[in-house]
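What follows is the residue order along each chain.
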Amino acid sequence: GDTKDGIIYGVGTNGLLYQQTLKSMTTSSHWKQATSRGHVISIAIHEPTDLLYGVNGHGNLYKIPLNNLAGNGWVHVPHNGKCYHITISGDDIYCRGSAKAVWHQKLSLLTATSSWKKVAQGSVMSVFVPKGKICSGTLIEKTDDWACDKITEVKKCKTHYERSGDSSTYMQCSPSRVIPGSKIINCLATTFCSPP
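The paragraphs below set out a description of the structure included in this document. Given the structure is predicted, the values throughout are model-derived calculations rather than measurements.

### Concerning the overall build of the chain
- Counting its secondary structure elements, the chain contains one helix and 16 strands.
- Here the chain holds 196 residues, and 37% of them are scored as buried.
- Considering only intrachain contacts with a sequence separation of at least 6, the fraction spanning at least 24 residues in the chain is 39%.
- Carbon and sulfur atoms make up 54% of the accessible area of the chain, which totals about 11,900 Å².

### Description of the nonpolar core
- Counting 14 residues, the largest nonpolar core has Tyr 53, Leu 61, Ile 86, Ile 93 and Leu 110 as the members making the most contacts within it.
- For this core, the secondary structure elements donating two or more residues are strand 6 (51-56), strand 9 (85-89) and strand 10 (92-96).
- Counting residues per element, this core draws most heavily on strand 6, which supplies three residues.
- Leu 17, Ala 34, Ile 43 and Trp 74 belong to the second-largest nonpolar core, a separate cluster that totals eleven residues.

### Looking at the pairing of strand 6
- Counted residue by residue, strand 6 has six buried out of six residues, so it is predominantly covered.
- Note that strand 5 (residues 40-46) and strand 6 share six bridges and pair antiparallel. By the bridge assignment, Ser 42 is partnered in strand 6 with Val 55.
- Sheet topology places strand 6 next to strand 7 (residues 61-65); five bridges connect them, and they run antiparallel. If you follow Leu 52 over to strand 7, its bridge partner there is Ile 64.
- Where strand 6 folds back onto strand 7 in an antiparallel hairpin, the turn is made up of four residues, including Gly 59, whose phi is positive at roughly 85°.

### Thoughts on the state of the cysteines
- Applying the stated criterion across every chain yields a total of one disulfide.
- The disulfide partner of Cys 83 is Cys 95, and the gap between their sulfur atoms is 2.1 Å. Torsion about the S-S bond of the Cys 83 and Cys 95 cystine: about -120°, corresponding to left-handed handedness. On the criterion of sequence distance, the pair formed by Cys 83 in the loop between strand 8 (75-77) and strand 9 and Cys 95 in strand 10 is long-range, its members being twelve residues apart. An identical accessibility class is assigned to Cys 83 and Cys 95; each is buried.

### Concerning the sheet that holds strand 10
- Read across the sheet, four strands follow the order 9-10-11-12 without closing on themselves; strand pairing throughout is antiparallel. Both edges of this open sheet fall to strand 9 and strand 12 (117-120), since each of them pairs with a single strand only. For this sheet, the mean inter-axis angle between neighbouring strands, taken without regard to orientation, is 30°.
- Taken together, the five bridges between strand 9 and strand 10 define a ladder with antiparallel strand orientation. Looking at the pairing, Ser 89 lines up with Asp 92 of strand 10.

Calculation notes
- Sequence positions are assigned chain by chain, starting from 1 and proceeding in written order.
- With the structure being a predicted model, the display of local features is reserved for residues of pLDDT at least 70 and the display and counting of side-chain atom pairs for 80 or more, all residues being used for whole-chain, interface and lining totals.
- For side-chain calculations, the full set of non-hydrogen atoms in the structure is used, while hydrogens and water are omitted.
- Runs of H or I in DSSP of at least four residues are treated as helices and runs of E of at least two as strands, each being numbered from the N terminus.
- In this scheme, a residue with accessible area under 20% of its type's maximum is buried, one over 50% is exposed, and one in between is partly exposed, where area comes from a 1.4 Å probe on protein chains only.
- By definition, residues are in contact when any of their heavy atoms lie within 4.5 Å.
- Per-residue accessibility takes into account occlusion by the displayed protein chains alone, with areas from the Shrake-Rupley method and a 1.4 Å probe.
- Residues grouped as a nonpolar core are buried Ala, Val, Leu, Ile, Met, Phe, Trp, Tyr and Cys residues, joined through side-chain atoms within 4.5 Å.
- A pair of strands counts as paired when DSSP detects no fewer than two bridges linking them.
- Sulfur atoms of two cysteines make up a disulfide when they are within 2.5 Å.
- Orientation is described by axes fitted as lines to C-alpha atoms, over the contacting stretch for helices, and by angles from 0 to 180 degrees between their N-to-C directions.

Set out below in structure tokens:
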């Protein structure tokens, strides 16, 4: 699946596209059918052109205008290879091929004869490029030498990042989950972010 302008798009077990608004999505909300034909197994949105790309079980690539999914205007996109899962980031399209390796090329240069470049090897089932920054870190106890100790207001804390000295470690403040409404502020020491 993929998202655009607050709407999430997904592929049903029948190969059709479904959508719903992220803001109102709950465990009991319903998916609205967006297409009535096509049989895709993976989709990705190319934001600059508002085109939604999809691949089917035979490794073929298709595209359809995001603003006219109901028109069912899937167009075959000839390419030199087989793709069984795709993701798009800017002008870069990544493809999981038949040997479960990851391949890449520029979407603007993709033709029936252009070459895919292998960028990763292994038993990959799907590929994904985050649209935002994904960071991993560890929630630690507050001590006097952490940068975010200076932040005492929860409103400022939620989006405040500060660097720890000259290191590559950044702290994000976060309200205590143990005591809701308390003034205890914890730090999330973030050591790795992708993309950096």
